Amino acid sequence: MKRFLIFVKKETLQILRDYRTMLIAIMMPAVQIILFGFALSTEVNNVDVAIYAPQRGNTARDIADRVSANPYMNFKGYIESTDEIDKKMRNGNIDIAIAIDNGIDKVEAGTSPQKTVIQIFADASNPVAANTASGYVMSIINEEINIQEMPIKTETRMLYNPQLQSSYIFVPGILGFIILIICAMITSISIVREKETGTIEMLLVSPVRPIVIIGAKLVPYFVLSCVNLATILILAKYLLGVPMHGSVLLICAISLLYIVMSLAFGILVSTISKNQIMAILICAVVMIIPVIMLSGLIFPIENIPMALQYLSCIVPARWYIEAMRKLMIEGQPFAAIIWQTVILAAMTVAFLILAIRNLNKTMR
């Protein structure tokens, strides 16, 4: 135990003296959660809307008032002709145009037998933005008038995220991305640094077992990662407004397991790398692209090809992100994340065993 504490102290002092590592380990997670939290968004803001209504009756004025009051839209006034719709869209003056038929007020009053149509013209050069913006406008129109001929009213309720906030989806994923990248990268250079400075020779002739060396290297990084975790969760809660409907203890527990797994993976990379650049490149290539593409961070797992769905099973961030969304957003109990917890625990044990085995071969 005394030898273990001596190695922990030595590794802690080495981290504290390396201001670059400290800067990356402490500042980068906070910066990344803020940047990603605000930058990654499926919301569409500042939609420029104009209305074409030859007869500006009550319905046209009411729709215009609703558009003006909507925080996501900017009402750009009325258009005098249908030809002006195309012209203004090509010039970038408007994103959406609403064309209201002349007889809309008579239809609402029940005095016109003809069917009246309200058309929505959207600039689909950006399909995602156009689809979202047209959905905003459609909801406004449906609130104002009922153009359905069937006497059936449909109602949609959004559970867990009624405001459809993008941060609810992306922040748990960003949390998994940041923890894995930062923890793995800072530990991936730990043993490699010993090789480059020549101090690995002292470890080779010492009676200290590989498991003690790895454990001693993990402890200070684990403490540092816990500080990062607390910072990230506080920023997510109070700056980005992401709820934590589930147990905070469960959120912290699964996060600590994920941290240990990430640190163990970094140690494994460190044992197989010849220099620090190689270690960082391995972490970047092996983790960054798979985490972004195959973890559910941005793209739903169900939407990717089946072969890639099977491949995503070996991406640790996938299971952590699933667990965090169930806990933070849906507020589910531990029973809902048992499978994710077991997989992360198995990965942690596997990485530690491989790291110890590789280090043991090096010390022989």
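- An unreviewed UniProt entry lists the protein under the name Transport permease protein, with Candidatus Limisoma faecipullorum as the source organism.
- Its UniProt record gives the protein the following Sequence similarities (unreviewed entry) comment, quoted word for word: "Belongs to the ABC-2 integral membrane protein family."
- Under the UniProt heading Subcellular location (unreviewed entry), the entry covering the protein gives this text: "Cell membrane".

## Brief notes about the sheet that holds strand S1 (residues 47-52)
Next up, step 1: Strand order in the open sheet made by the four strands is S2-S1-S3-S4, with mixed pairing throughout. A strand with exactly one partner marks an edge of an open sheet, and here the two such strands are strand S2 (73-79) and strand S4 (118-122). Within this sheet the neighbouring strands show an average axis-to-axis angle of 20 degrees, counted without direction.
Next up, step 2: As paired strands, strand S3 (residues 96-100) and S4 are joined by five bridges and run antiparallel to one another. Looking across to S4, one finds that Ile98 is bridged to Ile120.
Next up, step 3: Relative to S2, helix H3 (residues 58-69) is tilted by about 150 degrees, and along the sheet it contacts S1, S2, S3 and S4.

## Things to note about the nonpolar core
Next up, step 1: Within the largest apolar cluster, 67 residues are counted, with the highest numbers of intra-cluster contacts made by Ile33, Ile179, Tyr258 and Tyr320.
Next up, step 2: Contributing elements (two or more residues each) for this core: helix H2 (19-39), helix H7 (166-188), helix H8 (190-197), helix H10 (210-238), helix H11 (248-272), helix H12 (276-294), helix H14 (316-329) and helix H15 (338-363).
Next up, step 3: By residue number, the principal contributor to this core is H7, which donates 14 residues.
Next up, step 4: Setting aside residues no more than four positions away along its own chain, Tyr320 makes contact with Leu175, Gly176, Ile179, Ile254, Ser255, Tyr258 and Leu344.
Next up, step 5: Among the nonpolar cores identified, the runner-up in size contains 18 residues, and Val44, Ala133, Val137 and Ile141 belong to it.

## Brief notes about a nonpolar patch on the surface
Next up, step 1: Nonpolar side chains collect at one region of the surface, where Leu23, Ile26, Met27, Val31 and Leu35 lie side by side and expose about 450 Å² of accessible area between them.
Next up, step 2: Within the secondary structure, Ile26 sits in helix H2.
Next up, step 3: On the basis of relative accessible area, Ile26 is assigned to the partly exposed category, the value being 36%.

Criteria and cut-off values
- Residues numbered from 1 in each chain as written.
- Predicted model: local features only at pLDDT ≥ 70, side-chain atom pairs only at ≥ 80, totals over all residues.
- Heavy atoms only, no water.
- UniProt positions renumbered as here; feature names shortened; annotations may be inferred.
- Pairing = 2+ DSSP bridges.
- Helix = DSSP H or I, 4+ residues; strand = E, 2+ residues; numbered from the N terminus.
- Axes fitted to C-alpha atoms, helices over the stretch in contact; angles between N-to-C directions.
- Contact = heavy atoms within 4.5 Å.
- Core = buried A, V, L, I, M, F, W, Y, C linked by side-chain atoms within 4.5 Å.
- Buried < 20%, exposed > 50% of the residue type's maximum accessible area, 1.4 Å probe, protein only.
- Patch = residues over 30% accessible without salt bridge, like charges linked within 9 Å, V, L, I, M, F, W, Y side chains within 5 Å.
- Areas by Shrake-Rupley, 256 points an atom, 1.4 Å probe, with all protein chains shown as cover.
- Salt bridge = Lys/Arg side-chain N within 4 Å of Asp/Glu carboxyl O.

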